[in-house]
Amino acid sequence: MPAHVSHIAPGTGVRDTGSPGLRSDAASNRRRVLDAARALFVSRGLDVPMATIARHAGVGVATLYRRFPTREALVTEVFSDEFAVCSAIVDDALADDDAWRAFRRTIETVCASQTQDREFNDALLSSIPDAVGFERERLRLEEGFAEVVRRAKAAGRLREDFDVSDLSLVFLANRGVIGDAATAPAASRRLVAHLLRSFEAGRAEPARPLPPPAPLGLGRLPRTSGE
């Protein structure tokens, strides 16, 4: 989904201590903590010990807790920008008076964001939706996506048997074709175009041409059994 999605860029939140050198060190420590926490949350889950995060960041546990006194505060800071971007995608869709365009752009934008920020989207599709501190954001996104789907159906442009839970299938399928950063954008665009064609009902205009295929080559395709 969500969607992108920009790289995390929260403010430093560093207090002015009157020493430029100390401010720089503090900002560097904070960034290392956030980078280490992000990587570990994605690879090991949100319950990774805070001491492990501190060790990977190269800071003391006391330094970590001084900046982020609770796990919830750390998780919220690590992924807050990404959730804000996901919310913006939904808000833009709900503000669009063309229900099918809103649905189409929502899927296109979220899937495109997966090619840029695969770590967050992996987390979003696994442990992040149940993370403490994100219940409100998660529910808002779910309700927004559901309304985008409802409007597209009401306009007669989205097939009636499409369920809002199918969005998760779309994002999971898209995640499966973007393992190679070099071909990810092209592969994602083509997959999304195929999927949107299958979802559309009552097409009132000629189908848009498919985007160019990703240069995968036959040698990159998965082999079938017996080969």
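In the annotation of an unreviewed UniProt entry, the chain is listed under the name TetR/AcrR family transcriptional regulator and assigned to Streptomyces niphimycinicus.

Section: the overall build of the chain
Looking only at helices and strands, one finds nine helices and zero strands in the chain. Along the chain, helices (α) and strands (β) appear in the sequence α-α-α-α-α-α-α-α-α when read from the amino end. Per-residue burial over the chain gives 40% buried out of 227 residues. Summing over all exposed atoms, the chain offers an accessible surface of approximately 12,000 Å²; the carbon and sulfur share of this is 53%.

What about the pattern of salt bridges?
What the rule picks out here adds up to 10 salt bridges. In this structure, Asp96 and Arg101 form a salt bridge, with 2.7 Å as the shortest nitrogen-oxygen distance. Judged by relative accessible area, which is 14%, Asp96 ranks as buried. Across the salt bridge formed by Arg157 and Glu200, the nearest N and O atoms sit 2.5 Å from each other. With Arg157 in the loop between helix H7 (135-154) and helix H8 (166-176) and Glu200 in the segment after helix H9 (184-199), this pair connects stretches of sequence that are 43 residues apart. Comparing Arg157 with Glu200, the two get one shared label, buried. A network of salt bridges, in which partner residues are shared, links Asp96, Asp97 and Arg101.

Considering the UniProt feature "DNA-binding region" (unreviewed entry) in the chain
UniProt records the feature "DNA-binding region" (unreviewed entry) for residues 49-68 in the present numbering. Here residues 49-68 is 75% helix and 0% strand, with 13 Å between the C-alpha atoms at its ends.

A word on H8
What H8 keeps buried is the set Asp166, Leu167, Val170, Phe171 and Asn174. Burial along H8 is one-sided: seen end-on, the buried residues are contained in an arc of 145 degrees. In H8, the exposed positions that point more than 90 degrees away from the buried face belong to Leu169 and Gly176.

A closer look at the packing of aromatic side chains
Applying the stated rule across the entire model yields five aromatic pairs. Note on Phe103 and Phe162: the rings are 5.4 Å apart at their centroids and 90 degrees apart in plane angle, and the pair reads as edge-to-face. Taken together, the residues Phe103 in helix H5 (residues 99-116) and Phe162 in the loop between H7 and H8 connect sequence positions 59 residues apart. Looking at Phe103, the relative accessible area reads 2%, which means it is buried. Ring geometry for Phe145 against Phe171: centres 6.3 Å apart, planes inclined by 55 degrees, an arrangement best described as tilted.

Description of the environment of Phe79
With respect to the secondary-structure elements, Phe79 resides in helix H4 (residues 71-95). Looking at Phe79, the relative accessible area reads 0%, which means it is buried. For the pair formed by Phe79 and Leu34, sequence separation is 45 residues and the distance between their alpha carbons is 9.6 Å.

Some thoughts on the packing of H8 against H9
The geometry of H8 relative to H9 is characterised by a closest axis approach of 9 Å and an angle of 150 degrees between their N-to-C directions. The angle between H8 and H9 falls in the class roughly antiparallel. Handedness of the H8/H9 crossing: right-handed. Here Val170, Ala173 and Asn174 of H8 come into contact with H9, specifically with Ser188, Leu191, Val192, Leu195 and Phe199.

The rules behind each value
Residues numbered from 1 in each chain as written. Predicted model: local features only at pLDDT ≥ 70, side-chain atom pairs only at ≥ 80, totals over all residues. Heavy atoms only, no water. Helix = DSSP H or I, 4+ residues; strand = E, 2+ residues; numbered from the N terminus. Buried < 20%, exposed > 50% of the residue type's maximum accessible area, 1.4 Å probe, protein only. Areas by Shrake-Rupley, 256 points an atom, 1.4 Å probe, with all protein chains shown as cover. Salt bridge = Lys/Arg side-chain N within 4 Å of Asp/Glu carboxyl O. UniProt positions renumbered as here; feature names shortened; annotations may be inferred. Arc of directions from axis to C-beta. Phe/Tyr/Trp six-rings, centres within 6.5 Å; stacked < 30°, edge-to-face > 60°. Axes fitted to C-alpha atoms, helices over the stretch in contact; angles between N-to-C directions. Parallel < 35°, antiparallel > 145°, perpendicular 65-115°, else oblique. Left-handed = near helix turned anticlockwise from the far one by under 90°. Contact = heavy atoms within 4.5 Å.

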